[in-house]
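Take a look at the letters that make up each chain.
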Amino acid sequence: FELRAPVRGPRRAIDSPAMNTLTIAILAAGLSSRYGAPKYLVPVGPDGESLLDYAVYDALASGFGSVGLVVRRVTENDMRRRFETRFGRGVPVSYVRQELWPLPGGHQSPSERMKPWGTGHAALRLVELAPGPFAVANGDDFYGRSSYSLLAASLAAEPEAPIFHLIGFQLDTTLSEHGGVSRAVCEMDQDGRLVGLEEVLGIETSEEGALLGRTVEGKRRIVQPDALVSMGLWGFTPAVFPLLEKRFARFLEQHGEDPKREFLLSDAIGDMVRSGDAEVYVHRAEEPWFGMTFREDRDRVAAHIAELVEQGEYPESLRHAMRPPDLPSEAPTEGEISEYPPE
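Sequence order sets the numbering: in each chain, residues are counted from 1 along the sequence as written. It should be noted that, the model being predicted, local features are given only for residues of pLDDT at least 70 and side-chain atom pairs only at 80 or more, the latter also being counted only at that level, while totals for whole chains, interfaces and linings use all residues. Heavy atoms from the whole structure form the basis of all side-chain values; hydrogens and water molecules are not counted.

1. Quick notes on the packing of aromatic side chains
At step 1: Centres within 6.5 Å are what make two rings of Phe, Tyr or Trp a pair, Trp counting through its six-membered ring; a difference in plane orientation under 30 degrees is then read as stacked, over 60 as edge-to-face, and the rest as tilted. Scanning the model with the defined rule gives 17 aromatic pairs in all.
At step 2: Between Phe 134 and Phe 241 the ring centres are 5.4 Å apart and the planes differ by 5 degrees, which places this aromatic pair in the stacked class. Taken together, the residues span a long stretch of sequence, with Phe 134 in strand S4 (residues 134–138) and Phe 241 in helix H5 (residues 240–255) at a distance of 107 residues.
At step 3: Only protein chains enter the accessibility calculation, which uses a 1.4 Å probe; a residue whose area is less than 20% of its type maximum is buried, one above 50% is exposed, and one in between is partly exposed. In this structure Phe 134 comes out as buried when scored by relative accessible area, which is 1%.
At step 4: Exposure remark for Phe 241: the relative accessible area of 5% places this residue in the buried category.
At step 5: Through pairs of rings, three or more aromatic residues link up here, namely Tyr 54, Tyr 57, Phe 142, Phe 290 and Tyr 314. Think of it this way: any DSSP run of H or I at least four residues long counts as a helix, any run of E at least two long counts as a strand, and we number them from the N terminus.

2. Observations concerning the confidence of the model for the protein chain
At step 1: For every residue, the predictor reports its confidence as pLDDT, a number between 0 and 100. In this model, the protein chain carries an average pLDDT of 84, and 85% of its residues clear a pLDDT of 70 or more.
At step 2: Contacts from residues 1–19, a stretch scored under 50 in pLDDT, to residues over four places away or in other chains number 46 contacts.
At step 3: Contact between two residues is taken to exist if any of their heavy atoms lie within 4.5 Å; hydrogens are not considered. For residues 325–343, every residue scores under 50 in pLDDT, and the model assigns this stretch 42 contacts once sequence neighbours within four places are set aside.

3. Let's talk about the nonpolar core
At step 1: Formed by 58 residues in total, the largest nonpolar core has its most connected members in Ile 24, Phe 64, Leu 69, Met 79 and Tyr 148.
At step 2: Of all the elements, helix H1 (residues 51–60) adds the most residues to this core, at eight residues.
At step 3: Once you skip the residues sitting within four places of it in the chain, Leu 69 turns out to touch Ile 26, Leu 52, Met 79, Phe 83, Val 93, Ser 94, Tyr 95, Val 96 and Leu 129.
At step 4: Listed in part, the 41 residues of the second largest apolar core include Phe 164, Leu 228, Met 272 and Val 280. Throughout this description, the term nonpolar core refers to a set of buried Ala, Val, Leu, Ile, Met, Phe, Trp, Tyr and Cys residues connected via side-chain atoms within 4.5 Å.

4. What about the packing of H5 against helix H6 (residues 265–275)?
For any two helices packed against each other, one specifies the crossing angle of their axes together with the interaxial distance.
At step 1: To get an axis, a line is fitted to the C-alpha atoms, and for a helix only the part in contact is used. The angle between two axes follows their N-to-C directions and goes from 0 to 180 degrees. Running from N to C, H5 and H6 point in directions that differ by 105 degrees, and their axes come no closer than 10 Å. Taken as axis vectors, H5 and H6 run roughly perpendicular relative to one another. Here Val 240, Leu 243, Leu 244, Arg 247 and Arg 250 of H5 lie close against H6, whose contacting residues are Leu 265, Ala 268, Ile 269, Asp 271, Met 272 and Ser 275.
At step 2: Here the nonpolar group is Ala, Val, Leu, Ile, Met, Phe, Trp, Tyr, Cys and Pro; Asp, Glu, Lys and Arg are the charged ones; every other residue, Gly included, is treated as polar. Residues that form the contact of H5 with H6 fall into these classes: seven nonpolar, one polar and three charged. For this classification, under 35 degrees means roughly parallel, over 145 means roughly antiparallel, 65 to 115 means roughly perpendicular, and everything else is oblique.

Have a look at this one:
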């Protein structure tokens, strides 16, 4: 892997052999039914780059040496084509499918179920790809390069223990102007260790100016603007897999017949913390998050990207800033992307 344009920000991780063995695992198996197209493939950069492209670029520039992509069968070909177009064959990349089956313990997926089993199940699928420490990121979120650098340094220090890491973002910087958002709100002790995660749904600004949402049980919940929330950027060691397996089996016993219930990674990690099976350190992000919850968010995201390119933080073309692909091909257009069937 070679960058052909200067990249600002933390770079020391790139020169560490231990860090270069880290895997960045990107979750890209959802079909984004509310958005109407897979958000991680929607062009937002000046050369048609998607948020997934920027996630790969930032992770590779921050010390991660290989890429794992969690995909679905209907999107895998486009994902392979896009990755080769943007990054060529110089970057080690592996693919694993997240489908509705097979399931452990003889469980069957309900015939009415259309959506994958959730982010916890997606992370569990990474057991095939990540023999060492790895980070998990959503393909449709922009976290900032410093967040990946922070995870790379943290993971290199604890390569095997059940000590995990979470990048926390300030709540009021993760809202949308176009509707309510769901966020996992972090509770930490004085040493920055995660004590609990609470999923709060439909968070938006009330007429009184407060940030108001509701709990999973439907209770009204006021959240402080400076609260740290999880946006799905985690750092794990392989010790997480047996812990996830145990909780997914329990989830299937309790909710396997529900065609809409999802096994969320935040719920699983929260349970590990409460039971004492794992420690999780929360690190405050140094850069603001942005992403696309609603279709109307796209213009704002594209404007953020354009500003960063103008400031010299990113090249005008990711494909031209890296080694040219061995077999050039066209990246999928937005028209092709919108043809995926709804969930």
